[in-house]
Number of protein chains: 2
Amino acid sequence: MKIITISREFGSGGRELGKRLADIMGFDYYDREIITEVAEKQGLDAGYVERELDNHSWRSFTLQFHRSFATVPNIQVTNTGLLLEQKRVIENIAKLGKNCVIVGRNADIILEEYKPFNIFVCADTDSKVLRCLERAENQEKLTRRTVIQNMRRIDKNRAATREIITGSRWGDRSAYNLTVNTTDWDIKELTKSVAQFADSWFNR
Amino acid sequence: MKIITISREFGSGGRELGKRLADIMGFDYYDREIITEVAEKQGLDAGYVERELDNHSWRSFTLQFHRSFATVPNIQVTNTGLLLEQKRVIENIAKLGKNCVIVGRNADIILEEYKPFNIFVCADTDSKVLRCLERAENQEKLTRRTVIQNMRRIDKNRAATREIITGSRWGDRSAYNLTVNTTDWDIKELTKSVAQFADSWFNR
């Protein structure tokens, strides 16, 4: 079984790369599917679960400083519960024994024993902002400033969640087999090269 | 003209990757050749020049703290002179207009205007130590401990020199198109994938 994991900076095109990679290589693809399953298993709304998981560290941090101590444990238990459920869902994906690409969610660490090919996707700020603005629906009326704030918040949460769960630094080059900077690349073209890289890794 | 630059952690196999990449792609290759030319132009010994350049930041730092102030400027002028000469040598390589691979020496920043394909090569500590021990001649009697100390010192100097010259952080993923972790790879196999990546970059 071959597993590819993709971690990424918000707006870097990591999700598109993952989707295309799965298409080219004929692998299953998991991204939001994980959230949906966590929500189902816990009997919760998928949107709520996503917000909880993505804001996990940030919220518990805020709470410890700004609210009464009594409310902290409940919130933290909820979040930890979701994180554990998410871990189980990811482990079950691996147990299916099928080749797959998993985007985000620290799958690289959770599935370490399967020796996945781990990719980190980054890009410079300008190209990330551009991608976010292009992707946004017209109604959203996003400004560059809003996008950058959003990007920083999400990446900060991803980094904090990774540290909490895995004890390792998010984006640290030593944790990934390949770190790809998508700046000035066409993701479609880039995907072909990444696929060859992954192939070579699995056949080594 | 296509330029590939390689920055690397000591012991990661970056030099071997660079040499093989140049062979596969039919590019010129520059590494120690740069030192030799700097030495010739300055009428100095190549070994001396290499030690001076590699210990640049570390030495000027020590000197500022431990020696009398009067001796500092001379030493610093020597080092700055060598760094400038090195910069000229690298710029002259680019002016030849031929496809090339340049290992180290912050060539990615010096030749920024040529839009080089910039690679950073890293590996985990164990595999770097193993590579260093294998490479060492028997007479050297290196221990794991010595190798790690050496590795840290050299990488620290590389990082400091980069910051002094370029103001940017060494190894920071955003500065490179591709960051490759050579752990558990055969460099020869890996080189093929990197070459395809570089090709795709130049033909984009």
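All values reported here derive from a predicted model rather than from experimental measurement.

A. Representation of the relation of the copies chain A and chain B within the structure. Overlaying chain A on chain B yields an RMSD of 0.0 Å, the required transformation being a rotation through 180° with an accompanying axial translation of 0.0 Å. The symmetry that links the two subunits is that of a two-fold axis. Minimal C-alpha distance to the rotation axis in chain A is attained by Thr179(A), lying at 2.4 Å. Both copies share a contact surface, since 100% of the interface residues of chain A are interface residues in chain B too.

B. Representation of the confidence of the model for chain A in the model. Residues and elements named next belong to chain A. On average, chain A scores 85 in pLDDT, and the residues at 70 or more come to 86%. Mean pLDDT per element in chain A: helix H4 (residues 56-66) is the minimum at 47, and helix H1 (residues 14-25) is the maximum at 97. Within the model, the stretch residues 61-77 combines pLDDT values under 50 with 7 contacts to residues more than four positions away or in other chains. Scored by ipTM, the complex comes to 0.85, with pTM at 0.87.

C. Up close: the packing of aromatic side chains. Within this structure, the stated rule accounts for 13 aromatic pairs over all chains. Summarising the aromatic geometry, the rings of Trp185(A) and Phe197(B) are spaced 5.8 Å apart at their centres and angled 85° between planes, so their arrangement reads as edge-to-face. Of this pair, Trp185(A) sits in the loop between strand E5 (178-181) and helix H9 (187-202) while Phe197(B) sits in helix H8 (residues 187-202), on two different chains. Looking at Phe197(B), the relative accessible area reads 0%, which means it is buried. Aromatic ring contacts, followed pair by pair, group Phe117(A), Trp185(A), Phe197(A), Trp201(A), Phe202(A), Phe117(B), Trp185(B), Phe197(B), Trp201(B) and Phe202(B) into a single cluster. Taking the ring centre of Trp201(A) as reference, the NZ or CZ of Arg204(A) above it sits at 3.5 Å. For Arg173(B), the ring lying beneath its charged end belongs to Trp170(A), and the centroid distance is 5.5 Å.

D. Seen up close, the packing of helix H2 (residues 32-42) of chain A against helix H3 (residues 46-54) of chain A. Residue and element names in this part refer to chain A. Two elements in contact, H2 and H3, have axes separated by 8 Å at closest approach and are oriented at 110°. Between H2 and H3, the angle falls in the class roughly perpendicular. In this structure, H2 crosses over H3, and the sense of that crossing is right-handed. Two secondary-structure elements touch here, H2 through Arg32, Ile35, Val38 and Ala39 and H3 through Ala46, Val49, Glu50 and Leu53.

E. Representation of the interface of chain A and chain B within the structure. Across the boundary between the two partners, chain A contributes 27 residues, which contact 27 residues of chain B. Across the interface of chain A and chain B, roughly 2200 Å² is buried in total on both sides, 53% from carbon and sulfur atoms. On the chain A side of the interface with chain B, the three residues burying the most area are Arg173(A), Trp185(A) and Phe197(A), jointly 32% of the side's total. Where chain A packs against chain B, one counts 4 salt bridges. Its salt-bridge partner being Glu9(A), residue Arg173(B) comes within 2.7 Å of it at the nearest N-O pair. Where chain A meets chain B, there are 15 residue pairs in polar contact (both at pLDDT 80 or more). Elements supplying a minimum of two residues to the side of chain A that touches chain B: strand E4 (117-122), E5 and H9 of chain A. For the side of chain A that touches chain B, the element with the most residues is H9(A), which contributes 8 residues. Residues that form the side of chain A that touches chain B fall into these classes: 12 nonpolar, 9 polar and 6 charged. Both E5(A) and strand E5 (residues 178-181) of chain B contribute to a ladder of 3 bridges, which runs antiparallel. Looking at E5(B), one finds that Val180(A) is bridged to Leu178(B).

F. Representation of the sheet that holds E4(A). The strand order across the open sheet formed by 10 strands is E2(A)-E3(A)-E1(A)-E4(A)-E5(A)-E5(B)-E4(B)-E1(B)-E3(B)-E2(B), and the pairing between neighbours is mixed. If you trace the sheet from one side to the other, it starts and ends with strand E2 (28-30) of chain A together with strand E2 (28-30) of chain B, each paired once. Put simply, the sheet's adjacent strands are angled 20° from each other on average, direction ignored.

G. Broad picture of the pairing of strand E1 (residues 3-8) of chain A. All names here are of chain A. Here E1 lies mainly inside the structure; 6 of its 6 residues are buried. Residues Ile3, Thr5 and Ser7 line one face of E1 and the alternating positions Ile4, Ile6 and Arg8 line the opposite face, and both faces are buried. In this sheet, strand E3 (residues 100-103) lies alongside E1 in parallel orientation, the contact comprising 4 bridges. Bridge pairing in E3 places Ile6 opposite Val103. Sheet topology note: the E1/E4 ladder contains 5 bridges and is parallel. From the neighbouring strand, Ser7 faces E4, where its bridge partner is Phe120.

H. Spatial organisation of H3(A). Residues and elements named next belong to chain A. When we look at burial in H3, the residues that qualify are Val49, Glu52 and Leu53. Projected down its long axis, H3 shows its buried positions confined to an angular sector of 95°, all on one face. One side-chain oxygen at the N-terminal end of H3 lies 3.1 Å from the backbone nitrogen of Gly47; it belongs to Asp45.

I. Inspection of the side chain of Ser7(A) at higher detail. Residues and elements named next belong to chain A. Considering the arrangement of structural elements, one finds Ser7 in strand E1. In this structure Ser7 comes out as buried when scored by relative accessible area, which is 9%. Ignoring any residue separated from it by four or fewer positions in sequence, one finds Ser7 in contact with Asp108, Ile119, Phe120, Val121 and Tyr176.

Parameters at a glance
Residues numbered from 1 in each chain as written. Chains lettered and ligands numbered in written order. Predicted model: local features only at pLDDT ≥ 70, side-chain atom pairs only at ≥ 80, totals over all residues. Heavy atoms only, no water. Least-squares fit on C-alpha atoms with pLDDT ≥ 70 in both. Contact = heavy atoms within 4.5 Å. pLDDT = per-residue confidence, 0-100. Helix = DSSP H or I, 4+ residues; strand = E, 2+ residues; numbered from the N terminus. Phe/Tyr/Trp six-rings, centres within 6.5 Å; stacked < 30°, edge-to-face > 60°. Buried < 20%, exposed > 50% of the residue type's maximum accessible area, 1.4 Å probe, protein only. Lys NZ or Arg CZ within 6 Å of the ring centre and 35° of its normal. Axes fitted to C-alpha atoms, helices over the stretch in contact; angles between N-to-C directions. Parallel < 35°, antiparallel > 145°, perpendicular 65-115°, else oblique. Left-handed = near helix turned anticlockwise from the far one by under 90°. Buried area = accessible area lost by both parts, 1.4 Å probe. Salt bridge = Lys/Arg side-chain N within 4 Å of Asp/Glu carboxyl O. Polar contact = N/O pair within 3.5 Å; in protein donor to acceptor, adjacent residues only side chain to side chain. Nonpolar A, V, L, I, M, F, W, Y, C, P; charged D, E, K, R; others polar. Pairing = 2+ DSSP bridges. Arc of directions from axis to C-beta.

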